[in-house]
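So the chains spell out like this:
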Amino acid sequence: QVQLVESGGGLVQTGDSLRLSCAASGRTFSNYAMGWFRQAPGKGREFVARITSSGGRTDYASSVKGRFTISRDNAKATVYLQMNSLKPEDTAVYYCAADRELCFTLECGANRNRYDFWGQGTQVTVSS
């Protein structure tokens, strides 16, 4: 089991920045690729970003590419999502997730069904 706890969400204005954190405990964090997903009210959970276990590869949804950055610190067992130039359409509950298996394409990593463990989510609200 891997336990994931997100933090860092909040209410911000358009154009502001936020950094989300996801702290992991349990099994060896460095064995897992990590992803960020989000779910807006009335919508399905959508892929945001993914980072491989070593941090050597990152992938992003087109809607956030160039504005969001995913990173990880394996020594701290934590993955981050730096969100810049926030827009009202970024409003959602943000979830981190852990994936034990290898994945070499964006399409593969964006598949929420492949992730084994999920956090409880943190709310991000961007006002216009």
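Report follows, based on the coordinates.

Parameters and conventions
- Residues numbered from 1 in each chain as written.
- Predicted model: local features only at pLDDT ≥ 70, side-chain atom pairs only at ≥ 80, totals over all residues.
- Heavy atoms only, no water.
- Helix = DSSP H or I, 4+ residues; strand = E, 2+ residues; numbered from the N terminus.
- Buried < 20%, exposed > 50% of the residue type's maximum accessible area, 1.4 Å probe, protein only.
- Contact = heavy atoms within 4.5 Å.
- Polar contact = N/O pair within 3.5 Å; in protein donor to acceptor, adjacent residues only side chain to side chain.
- Disulfide = S-S within 2.5 Å.

Another point: the side chain of Thr52. Within the element layout of this structure, Thr52 appears in the loop between strand 5 (45-51) and strand 6 (58-60). Overall, Thr52 belongs to the buried group, its relative accessible area being 17%. The contacts of Thr52, once residues within four sequence positions are left out, are Ala33, Arg57 and Arg72.

Now for the side chain of Arg67. Within the fold, Arg67 resides in the loop between strand 6 and strand 7 (68-73). A relative accessible area of 12% means that Arg67 is categorised as buried. Within the structure, Arg67 has its side chain in polar contact with the backbone oxygen of Ser85 (distance 3.0 Å). Apart from the residues within four sequence positions on either side, Arg67 is in contact with Gln82, Met83, Asn84, Ser85, Leu86, Lys87 and Asp90.

Enumeration according to the criterion identifies two disulfides in this entry. Here Cys22 is linked by a disulfide to Cys96, with a sulfur-sulfur distance of 1.9 Å. One disulfide, between Cys22 and Cys96, carries an S-S torsion of 50° and so falls in the right-handed class. In this pair, Cys22 is assigned in strand 3 (residues 18-26) and Cys96 in strand 9 (residues 92-99), connecting sequence segments 74 residues apart. For Cys22, a relative accessible area of 0% puts it in the buried group.

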